[in-house]
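Structural description and commentary
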Amino acid sequence: MIPGKCKIVIIEPSPVVRQGLRVLIDEQPEFAVWNLYCDLQSFQENHAGFVPDVILINPGVIDFHKQFSIRTLFTDYFKSLFVAILYKYVNHQTLTDFNGVLDIYDDEQTMIGKLHEIIKTNQGRENRDNDNNRDLSEREKEILTSVAQGLTNKEIADQYHISVHTVVSHRKNITRKIGVKTVSGLTVYAILNNLISQEDLIL
């Protein structure tokens, strides 16, 4: 990852699991647990701009954001690895958003071994992922804003003097980049990223 210790944060509702993971990980000389959070909101309010190398997170804390991929919820953390903390069934589709999985029923040696393997497997991933196309182009932002305002593909095409096929192509690229498919999800994304205000929406 980076020189020095690998900095880790843990987002987990259970205080027992949180503290147990912290003790286990802090015993490893190459790792440092930077902070613990009980939910997504506490992390977002208190991280103070710090970007960890690894975010260990219980997938249950993002259940209410099902229309989003985890990368969309953590747009400022494209260099971080996301590792799911599992102790109950989570559907496969949800887990595809993560770089790896830790099962709390594994023994200590297995769990630390998995963490090492996840980090090793993903070394250099941030360069491969972000050399290309994480950011939306200006035209894609325009298309996204129009979609959020409730315009149809035909209306968008007419507005920007492009073909409907081109609009569809832009929408596919937007979905690929930000991981959001639904119009409601795209609208929320546009608001959260200051591309549109709630007053601009067509009710």
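Figured I'd write up the structure that's included with this text. (Residues numbered from 1 in each chain as written. Predicted model: local features only at pLDDT ≥ 70, side-chain atom pairs only at ≥ 80, totals over all residues. Heavy atoms only, no water.)

1. Brief notes about unusual backbone geometry
To be explicit about the condition: Comment: elements are numbered from the N terminus, with helices defined as DSSP H or I runs of at least four residues and strands as E runs of at least two. Here the term buried applies to any residue with accessible area under 20% of the maximum for its type, exposed to any over 50%, and partly exposed to those in between, with areas from a 1.4 Å probe on protein chains only.
Of note, His161 is a non-glycine position whose phi angle comes to about 55°, a positive value. With respect to the element layout, His161 can be found in the loop between helix H8 (153-160) and helix H9 (164-178). The exposed category is assigned to His161, whose relative accessible area is 72%.

2. Examining the sheet that holds strand S1 (residues 6-11)
Spelled out, the test is: Only strands joined by at least two bridges in the DSSP assignment are considered to pair. A fitted line through C-alpha atoms serves as each axis, taken over the contacting stretch for helices, and the angle formed by two N-to-C directions is quoted from 0 to 180°. Should any heavy atoms of two residues lie within 4.5 Å, those residues are counted as being in contact.
Read across the open sheet, the five strands follow the order S2-S1-S3-S4-S5; overall the sheet is parallel. Both outer strands of the open sheet, strand S2 (31-37) and strand S5 (100-103), are each paired with one neighbouring strand and no more. Averaged over neighbouring strand pairs, the angle between their axes works out to 25° when direction is ignored. Contacting S1, S2, strand S3 (54-57) and strand S4 (81-86), helix H1 (residues 15-26) crosses the sheet at an angle of about 165° to S2.

3. Structural notes on the packing of aromatic side chains
Rule in force here: Aromatic pairing here means that ring centres of Phe, Tyr or Trp (its six-membered ring) are within 6.5 Å. Orientation follows from the plane angle: under 30 degrees is stacked, over 60 is edge-to-face, and everything else is tilted.
Scanning all chains against the criterion turns up three aromatic pairs. Here the aromatic rings of Trp34 and Phe50 are separated by 4.6 Å at their centres, their planes lie at 15°, and the arrangement is stacked. In this pair, Trp34 is assigned in strand S2 and Phe50 in the loop between helix H2 (40-46) and S3, connecting sequence segments 16 residues apart. Owing to a relative accessible area of 16%, Phe50 belongs among the buried residues under this scheme. The interplanar angle of 90° and the centroid separation of 5.2 Å between the aromatic rings of Tyr37 and Phe43 together place this pair among those described as edge-to-face. Pair check on accessibility: Tyr37 and Phe43 agree, each one buried.

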